[in-house]
Protein chains: 2
Amino acid sequence: MMDQMTIFSDYIRSKGLKNTCQRKTILEAFLASKSHFSTEDLYLKLRKQHPNIGYATVHRTLKLFAECGIASELDFGDGQTRFEPLDINQHHDHLVCTNCGLIVEFTEPRIEKLQEQVAARYNFKIERHRHELYGLCPKCAKAQLV
Amino acid sequence: MMDQMTIFSDYIRSKGLKNTCQRKTILEAFLASKSHFSTEDLYLKLRKQHPNIGYATVHRTLKLFAECGIASELDFGDGQTRFEPLDINQHHDHLVCTNCGLIVEFTEPRIEKLQEQVAARYNFKIERHRHELYGLCPKCAKAQLV
DNA sequence: GGAGAAATTGAAAATGACAATCAGAAAGCT
DNA sequence: AGCTTTCTGATTGTCATTTTCAATTTCTCC
Ligand SMILES: [Mn+2]
Ligand SMILES: [Mn+2]
Ligand SMILES: [Zn+2]
Ligand SMILES: [Zn+2]
């Protein structure tokens, strides 16, 4: 299994793009970052050590990561696109706390199977899906009872 | 079962809001409209008969519909919020064609059940969910083979 | 049928995330 | 090194959505 650095550099090469130190820096920070961050989150984090990297470059590079398949773009409906490192064999969906923003990942193969059945029912050729459960995390649910 | 007009007027009353003719007009157009329309769609449709109703009012009124539960807000990731009249006992999810924009509704009780199991697994108290399958509709899938 | 308080309206401007621009810098091939 | 192509980052543009605010409308209470 190819690692994410290799996937990215292969992609760079195949498209005739260039290996810049900004891209290297952003890739490292991306892989070291915890999931579900926005462009701005990563930009602010990077700025501490690399004040010369611009917001636009971070944004374009994250788009590149998504293009080559090492990142996935998430939209939890709060007006900010989020990113997460994507491991090809580890697809998952999300539980989102509407009170504190906590994000929990889940997998449920039985749901994935049923999605295929639904697609077949309507003759759709599915490329991807979005499945998010919104509500209160255990902590916020408990706090709300008070 | 209360109809949508009653739900809305009850909501208006309970919040100390006022019954304006714009709201009445927008509610009628909303209920007569086919699903999955944007604020602009409805605004343009209304403008033919009611050129004095402003975009902001249409927008605010649709938000009110969502608040009181007679509309649901949809986000298919194309940068435009869409709305649909919501019938309380007819929850459904969506298949979206990424080529032509066709939207097909589906229900799958087994998936809904499994969602509850997932929520229970993580002690989440689910309020709502978003479940969309993106891909090619039969027509676009066929066209792509050519 | 008003008077008065409170909510509403609609045109316009503000907001904010994202995308495009472009001149100077860097990469990489020969 | 020279040359061509791509990249960078500050800035500007875009566009859906939200806010503003003065004028209007609604609605309660005489
Ligand atoms: Mn995740
Ligand atoms: Mn629908
Ligand atoms: Zn929470
Ligand atoms: Zn289609």
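Residues numbered from 1 in each chain as written. Chains lettered and ligands numbered in written order. Predicted model: local features only at pLDDT ≥ 70, side-chain atom pairs only at ≥ 80, totals over all residues. Heavy atoms only, no water.

Asks: Explain the protein's contact with DNA strand D here, please?
Replies: Of all residues adjacent to DNA strand D, which total 22 residues, the nearest are Lys 18, Arg 23, Asn 52 and Arg 60 of chain A together with His 59 of chain B. Restricting the count to atoms of DNA strand D within 4 Å of the protein gives a sugar and phosphate share of 75%. Contact distances for DNA strand D include 3.1 Å between a sugar or linking oxygen and a side-chain N or O atom of Gln 22 of chain A. Arg 23 of chain A is positioned such that a nitrogen or oxygen atom in its side chain is 2.6 Å from a phosphate oxygen of DNA strand D. For the surface near DNA strand D, the elements supplying multiple residues, two or more each, are helix H2 (21-32) and helix H4 (55-68) of chain A together with helix H4 (55-68) of chain B. Looking at which element gives the most residues to the surface near DNA strand D, the answer is H4 of chain B, with 5 residues. Here the surface near DNA strand D is composed, by residue class, of 5 nonpolar, 11 polar and 6 charged. (Near = heavy atom within 4 Å. Polar contact = N/O pair within 3.5 Å; in protein donor to acceptor, adjacent residues only side chain to side chain. Helix = DSSP H or I, 4+ residues; strand = E, 2+ residues; numbered from the N terminus. Nonpolar A, V, L, I, M, F, W, Y, C, P; charged D, E, K, R; others polar.)

Asks: Whenever I open this one, the coordination of the zinc ion (ligand 4) confuses me. Can you help?
Replies: Six octahedrally arranged donors around a metal ideally form angles of 90 or 180 degrees; four tetrahedrally arranged donors ideally form angles of 109.5 degrees. All names here are of chain B. All of the protein donors around the zinc ion (ligand 4) are Cys 97 (SG), Cys 100 (SG), Cys 137 (SG) and Cys 140 (SG); their distances to the metal are 2.2 to 2.4 Å. Seen from the zinc ion (ligand 4), its 4 donor atoms lie at angles of 100 to 113°, and the figure they make is tetrahedral. When the donors of the zinc ion (ligand 4) are listed by position in the chain, the intervening gaps give C-x2-C-x36-C-x2-C. Of this pair, Cys 100 sits in the loop between strand S4 (93-97) and strand S5 (103-106) while Cys 140 sits in helix H6 (residues 138-145), and the two are 40 residues apart along the sequence. By relative accessible area, which is 9% here, Cys 140 ends up buried. (Donors = N, O, S within 2.8 Å, 3.2 Å for Na, K, Ca; no water. Tetrahedral: all angles 85-135°; square planar, octahedral: opposite > 155°, others 65-115°. Buried < 20%, exposed > 50% of the residue type's maximum accessible area, 1.4 Å probe, protein only.)

Asks: Whenever I open this one, the pairing of strand S3 (residues 81-85) of chain B confuses me. Can you help?
Replies: It is a general feature of regular strands that their side chains alternate between the two faces of the sheet. All names here are of chain B. The pairing of strand S1 (residues 37-38) with S3 spans 2 bridges and is antiparallel. Bridge pairing in S3 links Phe 37 to Phe 83. Pairing geometry for strand S2 (residues 71-75) and S3, over 5 bridges, is antiparallel. In the sheet register, Ala 71 faces S3, and the bridge partner there is Pro 85. Counting the residues between successive antiparallel strands, the hairpin from S2 to S3 contains 5 residues, one of them, Gly 77, with a positive phi of roughly 75°. (Pairing = 2+ DSSP bridges.)

Asks: Any chance you could explain the interface of chain A and chain B here in plain terms?
Replies: A common way to express how large an interface is: the accessible area buried when the components associate. Opposite the 37 residues of chain A that make contact, chain B presents 37 residues. Here chain A packs against chain B, burying approximately 3,400 Å² in sum over the two surfaces, 63% of which is carbon and sulfur. Looking at the side of chain A facing chain B, the largest losses of area belong to Phe 124, Arg 130 and Tyr 134 of chain A, adding up to 21% of the total buried there. The tally of links from chain A across to chain B stands at 4 salt bridges. Residues Arg 130 of chain B and Glu 132 of chain A are paired through a salt bridge, measuring 3.7 Å at the closest nitrogen-oxygen approach. Along the contact surface separating chain A from chain B lie 22 residue pairs in polar contact (both at pLDDT 80 or more). Those elements giving two or more residues to the side of chain A that touches chain B turn out to be strand S4 (93-97), strand S5 (103-106), helix H5 (109-121) and strand S6 (125-136) of chain A. In terms of residue count, the dominant contributor to the side of chain A that touches chain B is S6 of chain A (12 residues). Partitioning the side of chain A that touches chain B into residue classes produces 18 nonpolar, 9 polar and 10 charged. (Contact = heavy atoms within 4.5 Å. Buried area = accessible area lost by both parts, 1.4 Å probe. Salt bridge = Lys/Arg side-chain N within 4 Å of Asp/Glu carboxyl O.)

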